[in-house]
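A structural walkthrough
Below are the chains, spelled out letter by letter.
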Amino acid sequence: MARLTRYSKFESELDELDSGELMQMIQEALLGQGMNDPYDPDPNARPSMDDLFDAILNALAEKGMIPEDMLAEAMQAAGDIQDTRLGQQIQKMMDKLQQDGFIRKEFEDGEGGGTGEAGDAKFNLTDKSIDFLGYKSLRDLMGGLGRSSAGAHETRDYSSGIDMMGELKNYEFGDTLNLDTTATLTNVISKGFENMENSDLVVRQSEYSSSAATVVLLDCSHSMILYGEDRFTPAKQVALALAHLIRTQYPGDTVKFVLFHDSAEEVPISKLAQAQIGPYHTNTAGGLRLAQQLLKRENKDMKQIVMITDGKPSALTLPDGRIYKNAYGLDPYVLGATLREVAQCRRSGIQVNTFMLARDAELVGFVRRVAEMTRGKAYFTTPHNIGQYVLMDYMSNKTKLVN
């Protein structure tokens, strides 16, 4: 666990704060929706360097890390706080984040450069920061439960070709020749090598390690930030943690991410952390359709969709590309199209596990129906514990056996 120190006297002690500690302190601001308008969200909003300045200032203040004399000077300043000693100190921290490869400053009129004012500059998170945030999210969500043997989802099946941990068996055509030398020689010596038959060969079975292809469907409709609760930030934290878990513990697996709102689109992991809420409605059918297209390209034992949502389907992409919307109740037209996509998932052998962040009676019925149709699971959870549910479900894989 990173150390937390209360700074109260010496300005120089702020210089001892390394970039990793600073990233940990502003993690929620980087992933959160505080830089967007909850009542009129802009899905294309990008945080500015001024937003980053404010995030660092707030984090230092919350942890009591600002020297008293420096804080008093900043509070009494008639001009811009960025011109005070405290502002200059925070600017140094921002420069260090760039130098250490955690952020990349860009201007609106160019990639990685430009000639705008400092306040006009935006910033992007780098691959290094995405990996850091994924690790941090995983550690926070799982704690001691996050440890898992590297490499695979356990199943009840065996094969004769991976880790030689299982029981002995007589060789059958198609088995990999993981010969148990002692048992095989025992069978052969008494009859002579010239009389050896296939049935004399003994192989050691091994635990079969299934490979999985996963698409995470993230609802980014308006309700995920409305009503005084940010549900989208915890969903993104789960997605980043899952990506880090798969990369480090299940290297044979794949994971992709799809945002669904009025429509749906795939988003690379590098852009996921800074994804914003919007547009407004919930095109669950569009998300499921795109997820199926992505999974069809994967040659894996298991294919699954992890859907994190808080609302009923309320939008549909028509054949001509127009978006049909109805936010009032479960529209039979939208519901029918959505369940047809669920049925197609079932026919394609794709399991749909739904993590619902709301508990309306209509939603409960819809989610349970999706789970029943695809032999998936339905979880009714909250933003506070969704991470544990998603990650433990992924690792335990209790409902899918590879035959």
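Scroll up for the structure.
Attention here is on the structure that accompanies the text. Throughout this document, residue positions are counted from 1 along each chain, in the order its sequence is written. Local features in a predicted model are, by the rule used here, given only for residues with pLDDT of at least 70; side-chain atom pairs are given and counted only at 80 or more, and totals for whole chains, interfaces and linings are based on all residues. Note: side-chain values were computed over all heavy atoms of the structure, leaving out hydrogens and water.

1. Side note on the pattern of salt bridges
- Salt bridges, as used here, are contacts in which a Lys or Arg side-chain nitrogen is within 4 Å of a carboxyl oxygen on Asp or Glu. Inspection of every chain in the model, using the stated rule, returns 12 salt bridges.
- For the salt bridge of Asp-131 with Arg-247, the shortest nitrogen-to-oxygen distance reads 2.5 Å. Residue Asp-131 is located in helix α6 (residues 127-142), and its partner Arg-247 is located in helix α8 (residues 232-249); the two are separated by 116 residues in the primary sequence.
- Throughout this description, buried means an accessible area under 20% of the type-specific maximum (1.4 Å probe, protein chains only), exposed means over 50%, and partly exposed covers the range between. Residue classification places Asp-131 among the partly exposed residues on the basis of a relative accessible area of 34%.
- Among the salt bridges present, the one from Asp-262 reaches Lys-325, with a minimum N-O distance of 3.4 Å. Here Lys-325 lies in strand β12 (residues 323-325) and Asp-262 lies in the loop between β8 (254-260) and β9 (264-266), a separation of 63 residues in the sequence.
- On the basis of relative accessible area, Asp-262 is assigned to the buried category, the value being 11%. Per the convention used, a helix needs a DSSP run of H or I reaching at least four residues, while a strand needs a run of E reaching at least two, with both numbered from the N terminus.

2. Re helix α10 (residues 284-296)
- Any helix carries an expected span of 1.5 Å times its number of residues minus one. The terminal C-alpha atoms of α10, which comprises 13 residues, lie 18 Å apart, in line with the 18 Å expected from a rise of 1.5 Å per residue.
- Burial analysis of α10 places 10 of its 13 residues in the buried class, the great majority of the element.

3. What about the packing of helix α3 (residues 49-62) against helix α5 (residues 85-99)?
- Note on method: axes are straight lines fitted to C-alpha atoms, helices fitted across the in-contact stretch only, with angles between N-to-C directions ranging 0 to 180 degrees. Interaxial distance between α3 and α5 falls to 10 Å at its minimum, and their mutual angle equals 115 degrees. Accordingly, the angle class assigned to the pair α3 and α5 is roughly perpendicular. In this structure, α3 meets α5 at a crossing whose hand is right-handed. Every residue of α5 that contacts α3 at Met-49, Leu-52, Phe-53, Ile-56, Leu-57 and Leu-60 is listed here: Leu-86, Gly-87, Ile-90, Gln-91, Met-93, Met-94, Leu-97 and Gln-98.
- Amino acids are sorted into nonpolar (Ala, Val, Leu, Ile, Met, Phe, Trp, Tyr, Cys and Pro), charged (Asp, Glu, Lys and Arg) and polar (every other residue, Gly among them). Across the contact of α3 with α5, the residue classes break down as 11 nonpolar, 3 polar and no charged. Should an angle lie under 35 degrees it is considered roughly parallel, over 145 roughly antiparallel, and from 65 to 115 roughly perpendicular; all remaining angles are considered oblique. We call a crossing left-handed when the near helix sits turned anticlockwise from the far one by less than a right angle, and right-handed when that turn is clockwise. Every residue pair with non-hydrogen atoms within 4.5 Å of one another is taken to be in contact.

4. What to know about the environment of Thr-382
- Mapped onto the elements of the fold, Thr-382 is located in the loop between β14 (378-380) and α13 (386-396).
- Judged by its relative accessible area of 28%, Thr-382 falls in the partly exposed class.
- Taking the C-alpha atoms as reference points, Thr-382 and Pro-234, separated by 148 residues in sequence, lie 9.4 Å from one another.

5. As for the side chain of Thr-214
- With respect to the helices and strands, Thr-214 occurs in strand β7 (residues 212-219).
- Think of a polar contact as two N or O atoms within 3.5 Å of one another; within protein, one of them needs to be a possible hydrogen donor and the other a possible acceptor, and neighboring residues in sequence only count if both atoms come from side chains. Here Gln-304 takes part through its side chain, which lies 3.1 Å from a polar atom of the side chain of Thr-214.
- Setting aside anything within four residues of it in sequence, one finds Thr-214 in contact with Thr-254, Val-255, Lys-256, Leu-295, Gln-304, Val-306 and Tyr-394.

6. A word on the nonpolar core
- Joining through side-chain atoms within 4.5 Å is the link that ties buried Ala, Val, Leu, Ile, Met, Phe, Trp, Tyr and Cys residues into a set, and such a set is a nonpolar core. With 72 residues, the main nonpolar core has Leu-52, Ile-56, Leu-60, Leu-97, Leu-218 and Ile-308 as its most contacted residues.
- Setting aside residues up to four positions removed in sequence, Leu-97 forms contacts with Ser-19, Leu-22, Met-23, Ile-26, Leu-52, Ile-56, Phe-102 and Ile-103.
- Counting residues in each nonpolar core, the second largest holds 28 residues, with Val-258, Leu-290, Leu-294 and Leu-335 among its members.

7. Side note on the pairing of β8
- Of all 7 residues that make up β8, 5 are buried, and the element is covered over most of its length.
- Pairs of strands are assigned from DSSP output, requiring at least two bridges between the strands. Pairing analysis gives 7 bridges linking β7 to β8, with the strands arranged parallel. What sits directly across from Leu-217, in β8, is Val-258.
- Crossovers are described as right-handed under a simple rule: with the strands pointing away from the observer, the path leading from the first strand over the helix to the second runs clockwise. With α8 bridging β7 and the parallel β8, this β-α-β connection has right-handed handedness.
- Examined bridge by bridge, β8 and β9 share 3 bridges and lie antiparallel to one another. By the bridge assignment for β9, Val-258 is matched with Glu-266.
- Counting the residues that bridge the hairpin from β8 to β9 gives 3 residues.

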